Amino acid sequence: MFISFNILLNKLLLSHPEYNCIKGKSVPESRIQGIRMLSSDEHEMDPDCLYVCDASNDPTGPVSITASNILYISKDPVPAYEKEILLYTDVNSSFILNELWKIYNHLRDWERDLDMEIIQNGNLQTLIDLSEDIIGCPVILYDGAQKVLASTRHLYPQSPKDTFFKNVVEKGYLFSHAMDTFIDGGTFSKLYKDGCSIENDVFQQELKNIYLLLSTKNSTIGHLTAMCIRREDVSWTKELLFLLESKVIHCFELHRQSDLIRHQIFDYLFAELVENTSLNEADIQDKIVHLNIADEKSFQLLCLDFSSNRKIPMEILTHEMSSLMGTNHITIYRGHIFILLSSEKTDVDEDYFAGLQSLLKNTLIRYTGKCASSMTFSSMSRLRKAYLQTSFVISYLNSDKYTESSASVFYHYEDFRIVHIINICNSTIPAGNFLNPHIVNLKNRSDQQDNLMILKTYLNKNCNITDTAN
């Protein structure tokens, strides 16, 4: 972890505002890996160490050994140290040394907690939660589509005029007029060019906002915004944000690999459950154990059809749906996108599933798609039936048999259940097999009358089929 003299000194001053610091030169931003008391017998100084020196014991001037990472401590002003970094305080240098070590260890603990959270497959919000007291300012993390992925829960702008943070977090995305402001002001162009942009806060001009681009070698992930930072705190806050940025990117990459694996497993599992009718309950349980699917939940299957819009690749649509719904249980199968919804409740939870479906509405309208939903079910062994239900609805909607005009994008299998049963019967045993042979002969006669005349004759013959046929 990169911890600099700059970070340590400013953290010390924040925790002890009664100290007065004179910075005769810029505070070094080199990496610190240890903190030591400077001894008069010191001949070789470690460039990776921060040294604490009591200037009161040597009023003649700084030590002759050249080193940049030295913090001088004194109770009174010492002119000889005006070009150095000098801390005026009544406490002794040993106390300052211990305080610096506390800060250093706190930062290392923060890094350890972030790493542990990432290893344990933690989420981005937890990383931001762990960083609140370290960063010390409001932070919002966006993805590439400007949707809010995480934000500080207890730190927010103090100005009553500054409603930006609250509105963005509540809406869950960076709204359009804010996007226009950032684009017109050059914030985004600088961000994507340099990877970092520092701008005045719109509502509090005396404060600064820091924007960091989150990207890997292959793609842009999103960006991080830290708000309402005092001008004197910008430098070291930016260093801490770079540390957080590296952890966020690492978390992204691990999640992407984990998500990819889960997607691949679900792709295989879905196809097998749909095609292999011989799987028993034990086989299914063995297969779903790695997908965080508990078989005591209730499920619903969605089938999304975008056959009227071939311009957008299915993979892009699948990625968007996955991000929107927050699920890995999505796959492309035989030209359609299937999403498996699940609820913790074991009973039928129609309202919950309806709420999840509503998330898809704008996307379906934008890409002229439609969605069929299955009956809810409580076991993955019934996934094949759910697949047959949704597939029928989509095929029926796309056929000439469906003549109703509807502005809806959602269709529930329950509304097509009878039609499906009739179609199954007709495909198994043709409807003509149920007709009386005499009626069939009558229909096939070359000199047959219209159906109305046949019905009239049938009624006149006292509903006698033989007499009617003759």
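Residues numbered from 1 in each chain as written. Predicted model: local features only at pLDDT ≥ 70, side-chain atom pairs only at ≥ 80, totals over all residues. Heavy atoms only, no water.

**Details of a nonpolar patch on the surface**
So, step 1. Taken together, the side chains of Ile418, Ile421 and Ile422 make up a nonpolar region of the molecular surface, amounting to roughly 300 Å² of accessible area.
So, step 2. Structurally, Ile421 is set in helix α13 (residues 417-428).
So, step 3. Taking the relative accessible area as the measure of exposure, Ile421 reaches 42% and is therefore partly exposed. (Patch = residues over 30% accessible without salt bridge, like charges linked within 9 Å, V, L, I, M, F, W, Y side chains within 5 Å. Areas by Shrake-Rupley, 256 points an atom, 1.4 Å probe, with all protein chains shown as cover. Salt bridge = Lys/Arg side-chain N within 4 Å of Asp/Glu carboxyl O. Helix = DSSP H or I, 4+ residues; strand = E, 2+ residues; numbered from the N terminus. Buried < 20%, exposed > 50% of the residue type's maximum accessible area, 1.4 Å probe, protein only.)

**Brief notes about the sheet that holds strand β3 (residues 49-54)**
So, step 1. The strand order across the open sheet formed by five strands is β1-β5-β4-β3-β2, and the pairing between neighbours is mixed. The outermost strands of the open sheet, each flanked by one partner alone, are β1 (20-23) and β2 (34-37). Ignoring which end each strand starts from, the neighbouring axes of this sheet average 25 degrees apart.
So, step 2. With four bridges connecting them, β3 and strand β4 (residues 70-74) associate as parallel partners. Residue pairing in the sheet places Tyr51 in a bridge with Ile70 of β4.
So, step 3. Of the strands in this sheet, β2, β3, β4 and β5 (85-88) touch helix α2 (residues 93-119), which is tilted by about 175 degrees from β2. (Pairing = 2+ DSSP bridges. Axes fitted to C-alpha atoms, helices over the stretch in contact; angles between N-to-C directions. Contact = heavy atoms within 4.5 Å.)

**Quick notes on the packing of helix α1 (residues 5-15) against α2**
So, step 1. At their nearest, the axes of α1 and α2 sit 10 Å apart, and the two run at 110 degrees to each other. For the element pair α1 / α2, the angle class is roughly perpendicular. Along its contact with α1, which presents Ile7, Leu8, Lys11, Leu12 and Ser15, the element α2 presents Ile96, Glu99, Leu100, Ile103, Tyr104 and Leu107. (Parallel < 35°, antiparallel > 145°, perpendicular 65-115°, else oblique.)

**Concerning the nonpolar core**
So, step 1. In this structure, Leu8, Leu71, Leu87, Leu100, Leu107, Trp110 and Leu240 are the most contacted members of the largest nonpolar core, which totals 54 residues.
So, step 2. The element contributing the most residues to this core is helix α7 (residues 234-275), with 10 residues.
So, step 3. Those residues in contact with Leu87, other than ones at most four positions away along the chain, are Leu12, Leu13, Tyr19, Asn20, Cys21, Leu71, Tyr72, Ile73, Ser74 and Ile96. (Core = buried A, V, L, I, M, F, W, Y, C linked by side-chain atoms within 4.5 Å.)

**Observations concerning the packing of α2 against helix α3 (residues 124-135)**
So, step 1. Across the interface, α2 lies against α3 with an axial gap of 10 Å and an inter-helix angle of 175 degrees. On the basis of their axis angle, the class for α2 and α3 is roughly antiparallel. For the pair α2 and α3, contact is made by His106, Leu107, Trp110, Asp113, Leu114, Glu117 and Ile118 and by Thr126, Leu127, Leu130, Ser131, Asp133, Ile134 and Ile135, respectively.
So, step 2. Of the residues contributing to the contact of α2 with α3, the split by class is eight nonpolar, three polar and three charged. (Nonpolar A, V, L, I, M, F, W, Y, C, P; charged D, E, K, R; others polar.)

**Structural notes on the pairing of strand β13 (residues 336-343)**
Look at any regular strand and the pattern is simple: side chains alternate between the two faces of the sheet.
So, step 1. Counting buried positions over the eight residues of β13 gives six, a clear majority of the element.
So, step 2. Of the pairings in the sheet, the one linking strand β11 (residues 298-305) to β13 comprises seven bridges and is antiparallel in character. By the bridge assignment for β13, Phe299 is matched with Ser342.
So, step 3. Both strand β12 (residues 330-333) and β13 contribute to a ladder of four bridges, which runs antiparallel. For Tyr333, the partnering residue across the bridge sits in β13 and is His336.

**As for helix α12 (residues 383-397)**
So, step 1. If you check α12, its first and last C-alpha atoms are 21 Å apart, about what 15 residues at 1.5 Å a residue would give, namely 21 Å.
So, step 2. What α12 keeps buried is the set Leu383, Ala386, Tyr387, Gln389, Thr390, Phe392, Val393, Ile394, Tyr396 and Leu397. (Expected span 1.5 Å × (residues − 1).)

**A look at the packing of aromatic side chains**
Any aromatic ring pair is given by two values, namely how distant the centres are and how the planes are angled relative to each other.
So, step 1. Scanning the entire structure with this criterion turns up 14 aromatic pairs.
So, step 2. Pairing Tyr402 with Phe416 gives two aromatic rings, centres 6.2 Å apart and planes at 45 degrees, and the pair type is tilted. Pair noted here: Tyr402 is in the loop between α12 and β15 (410-412) and Phe416 is in the loop between β15 and α13, with a separation of 14 residues, a long-range link.
So, step 3. What makes Tyr402 buried here is its relative accessible area of 17%.
So, step 4. Taken together, Phe266, Phe270, Tyr333, Phe338 and Tyr387 form an aromatic cluster joined through their ring pairs. (Phe/Tyr/Trp six-rings, centres within 6.5 Å; stacked < 30°, edge-to-face > 60°.)

**Brief notes about the pattern of salt bridges**
Pairing of side chains with opposite charge becomes possible as their charged atoms draw close.
So, step 1. A full pass over the atoms with the stated rule returns 11 salt bridges.
So, step 2. Note that Arg230 and Glu232 form a salt bridge whose closest N and O atoms lie 3.3 Å from each other.
So, step 3. The salt bridge partner of Asp233 is Arg230, with a shortest N-O separation of 2.7 Å.
So, step 4. Its relative accessible area of 9% is what places Asp233 among the buried residues.

**Regarding the sheet that holds strand β6 (residues 139-143)**
So, step 1. Read across the open sheet, the five strands follow the order β7-β6-β10-β9-β8; overall the sheet is antiparallel. Both outer strands of the open sheet, β7 (148-151) and β8 (196-200), are each paired with one neighbouring strand and no more. Adjacent strand axes in the sheet meet at a mean angle of 20 degrees, parallel and antiparallel pairs treated alike.
So, step 2. Across three bridges, the pairing between β6 and β7 is antiparallel. Residue pairing in the sheet places Ile140 in a bridge with Ser151 of β7.
So, step 3. Sitting on the sheet, helix α6 (residues 187-194) is in contact with β8, β9 (207-215) and β10 (220-230), with an inclination near 150 degrees to β8.

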